[in-house]
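So the chains spell out like this:
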Amino acid sequence: MKILPSRLALALLALTATSAVLAADNLATVNGTAIPQARADVIIAEQRGQGAPDSDQLRAAVKEDLIRREVLSQEARKKGLEKNASVMAQMDLARQAVLIRAYLQDYVKAHPVSDADVKAEYDRIKAQLGDKEYHARHILVDKEEDAKAIIAKLDKGEKFDELAKQSKDPGSREKGGDLGWANPASFVKPFADAMVKLEKGKYTAAPVKTDFGYHVIRLEDTRALKTPSFEEAKTQLKQRLEQQAVERHITELRGKATVK
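As the structure is a prediction and not an experimental result, all values here were calculated from the model. (Residues numbered from 1 in each chain as written. Predicted model: local features only at pLDDT ≥ 70, side-chain atom pairs only at ≥ 80, totals over all residues. Heavy atoms only, no water.)

**Some words on the overall build of the protein**
Along the backbone of the protein there are 10 helices and six strands. Computed over the C-alpha atoms, the radius of gyration of the protein is 32 Å, more than 25% above the 18 Å expected from 2.2 N^0.38 for a compact globule of 260 residues. The C-alpha extent of the protein, read off along each of the three principal axes, is 120 × 50 × 45 Å. By residue count, 26% of the 260 residues in the protein fall in the buried class. Sequence-distant contacts, at least 24 apart, represent 64% of the contacts inside the protein between residues at least 6 apart. Only carbon and sulfur atoms are counted for the fraction: they give 55% of the accessible area of the protein, which is about 18500 Å². Distance between charge centres in the protein, computed from 44 positive and 39 negative side chains, equals 4 Å. (Helix = DSSP H or I, 4+ residues; strand = E, 2+ residues; numbered from the N terminus. Rg over C-alpha atoms; globule rule 2.2 N^0.38 Å. Buried < 20%, exposed > 50% of the residue type's maximum accessible area, 1.4 Å probe, protein only. Contact = heavy atoms within 4.5 Å. Areas by Shrake-Rupley, 256 points an atom, 1.4 Å probe, with all protein chains shown as cover. Lys, Arg positive; Asp, Glu negative; His and termini not counted. Charge placed at Lys NZ, Arg CZ, Asp CG, Glu CD.)

The structure is reproduced here in structure tokens:
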């Protein structure tokens, strides 16, 4: 029996061991093509991130999905579709999207938003919102004289609901001008400033001019504003600040880029 040289024997042993490891890292093979376990791990992680429990049923479903994908992608290659210009462009965009997502996730991880930043944003928004909500109605017209004519009719006792039918605001016109409950910060400043000065049941004695036109505003009622606690708002505010940081970073990179 011929004895293999020691170096060759070691190489063959290493190759055999490597093949065994690679096989262990494969989820399945389809017509001789291996499906890496890493693909399944990515999908399972995404599903768990959306609240799905890690279970045998989930793993079996993911495995079957990946097998079907491989079967279909093999058929697509047989037809040469991977060489189609449109398909190639879509594949390039998909790869680019994955790379961009990885980069932005890495950026957020490297530039974390602190709890102090989140708390400062919470306090800023809370101060901006104040402590009251207002239930108002309005009639919006293009000309100041038309708004004055409406106020004159209100002074004579005509109904606000009826006069609101001539408003050019389609969202409230058919509801008697009703804007529902809202915080002053929801409105443009001239409107909000006039509204908060009104007493319950009163309307503006003069037209209120904004970029939209001239308003006649009536205050129906006020109530205390219920704001979520810091703990309730913390997660959403943190995500918002992260998004803002990402947008600033993208704008900065775009500004530095050489584009011809």
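And the narrative resumes.
**Describing the sheet that holds strand 3 (residues 132-141)**
In space, the four strands of this open sheet follow the order 4-3-6-5, with antiparallel pairing throughout. Edge positions in the sheet fall to strand 4 (178-182) and strand 5 (208-210), since each of these pairs with one other strand and no more. Going from strand to strand, the sheet's axes swing by 40 degrees on average, the running direction of each strand aside. Where strand 5 lies against strand 6 (residues 213-224), three bridges are found, and the strand directions are antiparallel. Bridge pairing in strand 6 links T210 to G213. Here helix 6 (residues 144-155) sits on the sheet and contacts strand 3 and strand 6; the angle it forms with strand 6, its principal contact strand, is near 50 degrees. (Pairing = 2+ DSSP bridges. Axes fitted to C-alpha atoms, helices over the stretch in contact; angles between N-to-C directions.)

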